[in-house]
Every structure is written in structure tokens, then in C-alpha cells.
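Given next are the chains, with one letter for each unit.
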Amino acid sequence: MPYGRLADWQALGYEDEAAGRGLDYMQKRRQTCAKYHVQINTHTYRSGRNEGLQLYCTKIHGFAEGRAGEIYNGVCPANLEGHFLQGYNTGRAIFMTLSAVQSLEATIHDLELERESLLENLTEKGALPIADEATREERIHLLAEIARLKTRHTELGIDIDNLTFELTQRQAEYQAVLSRSPYHP
């Protein structure tokens, strides 16, 4: 983005690194500014960037990034990276276990909706084979369709039961990860 000739390159460097953007982001800024014949002040930008790294590369910020599911771009210097990664890995474990819980909940919900729809379809088709106007072939086809729907309804019930059991396990894992976290999510 063009920031004009009066851009505060130190502040921009600080903001970029406080947000965890890598040094490659400076190149993007350089390319954008070049379109407007504006040169980036690399020295000032890097000075701000180094200040921003001090804010970004902390345990608590690492935790927040991991907890939010953000990807770590390896921007922290070696002397700060260990602390950042401690927090990040803790937050990431919470994010991953919660994501697994939410994914299972969504899958169970979808299967329950499908099962409800099948039940409505079964109810609808259940009366058709006994209708006077149905031919023998139509009755045979309807009975086969009803049998298929009943089988699928049963299969969905088994799948839901299995996923509900797995969900209980994932919820326990999530609670265990939360209880081990030194941070409050």
C-alpha cells in the first residue's frame, strides 16, 4: 500500500513484526511503494521491525497466536523463539483439540439432519404401497426403496453413536489440554 513520502517506516516495521509478518512483507511494501516512486527506508523499517519482534516473540503472544490457529512464520530470533514456541505450542494444542470437537459436533449434526430427513421420507413412502392406485411394480419398487431408506437410517444411527462416543473422548482431551495450560484461554 502506498504510504506516501511521509510514511513512518519505523512504525510500519514495528506493526508488521508485532503482527508476526516476516521480512518478506517488507519486500511487498517495497514493490507497492515503487509503483508510486516512493522508496522504503530500510534501516528505519528494520529498526521498527526489531522492536516489534520484542512484542511478538513472547510466550503469551505465542499462546494467543497458537490458540487462534495462526501459522507461525518463523520470524522470531533464536534468543526469543523458544519462549514464543512454548506459548504457541500450548495454544496450538488447545486450538487443535477444540477444532476436533467442533468438527465432530458438526458432522453429528449433519448426520442427525440426514436421519430426520430419511425418517420424513420413510413416513411419506410408507403409505404409498397400500394405495389402491399403485401397481404391483410400483409397490415392489416402493418396498425396495423403503428397505433401502430403513437400512440407511439404521446405518446413520450407528454412525452417530460411534461419533458421539468419539466426541466424548475428544471433549475429555480438550478439557485435559485446557487444564494443563498455564494460560487462561
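Structure shown above.
None of the values given here were measured: they were computed from a predicted structure.

So, how was this worked out
Residues numbered from 1 in each chain as written. Predicted model: local features only at pLDDT ≥ 70, side-chain atom pairs only at ≥ 80, totals over all residues. Heavy atoms only, no water. Patch = residues over 30% accessible without salt bridge, like charges linked within 9 Å, V, L, I, M, F, W, Y side chains within 5 Å. Areas by Shrake-Rupley, 256 points an atom, 1.4 Å probe, with all protein chains shown as cover. Salt bridge = Lys/Arg side-chain N within 4 Å of Asp/Glu carboxyl O. Lys, Arg positive; Asp, Glu negative; His and termini not counted. Charge placed at Lys NZ, Arg CZ, Asp CG, Glu CD. Helix = DSSP H or I, 4+ residues; strand = E, 2+ residues; numbered from the N terminus. Buried < 20%, exposed > 50% of the residue type's maximum accessible area, 1.4 Å probe, protein only. Phe/Tyr/Trp six-rings, centres within 6.5 Å; stacked < 30°, edge-to-face > 60°. Arc of directions from axis to C-beta. Contact = heavy atoms within 4.5 Å. Core = buried A, V, L, I, M, F, W, Y, C linked by side-chain atoms within 4.5 Å.

Caption draft 1: How the structure looks around a negative patch on the surface. Negative charge collects at one region of the surface, where E112, E116, E120 and E124 lie side by side. Along the chain, E116 turns up in helix α5 (residues 78-126). Residue classification places E116 among the partly exposed positions, given a relative accessible area of 48%.

Caption draft 2: How the structure looks around the packing of aromatic side chains. Scanning all chains against the criterion turns up four aromatic pairs. With centroids separated by 6.1 Å and ring planes inclined at 50 degrees, the aromatic side chains of Y72 and Y88 adopt a geometry described as tilted. Residue Y72 is located in the loop between α4 (59-67) and α5, and its partner Y88 is located in helix α5; the two are separated by 16 residues in the primary sequence. Judged by relative accessible area, Y72 falls into the buried class, the value being 17%. An aromatic cluster is built from Y56, Y72, F84 and Y88, whose rings are joined through pairwise contacts.

Caption draft 3: Expanded view of α4. Every buried residue belonging to α4 is among G62, F63, E65 and G66, and all of these are buried. Axial view of α4: buried residues confined to an arc of 165 degrees, hence all on one face. Looking at the buried positions of α4, the neighbouring elements they touch are α3 (42-56) and α5. Once α4 finishes, G69 follows within two positions and takes phi at roughly 80 degrees, a positive value.

Caption draft 4: Up close: the nonpolar core. If you look at the biggest cluster of nonpolar residues, it comprises 19 residues, and the most contacted ones within it are I94, I108, L111, L163, L167 and Y174. Secondary structure elements with two or more residues in this core: α5 and α6 (136-180). With nine residues, the top contributor of residues to this core is α6. With near-sequence residues (within four places) excluded, L163 lies in contact with L104, T107, I108 and L111. With nine residues, the next largest nonpolar core counts Y56, Y72, F84 and Y88 among its residues.

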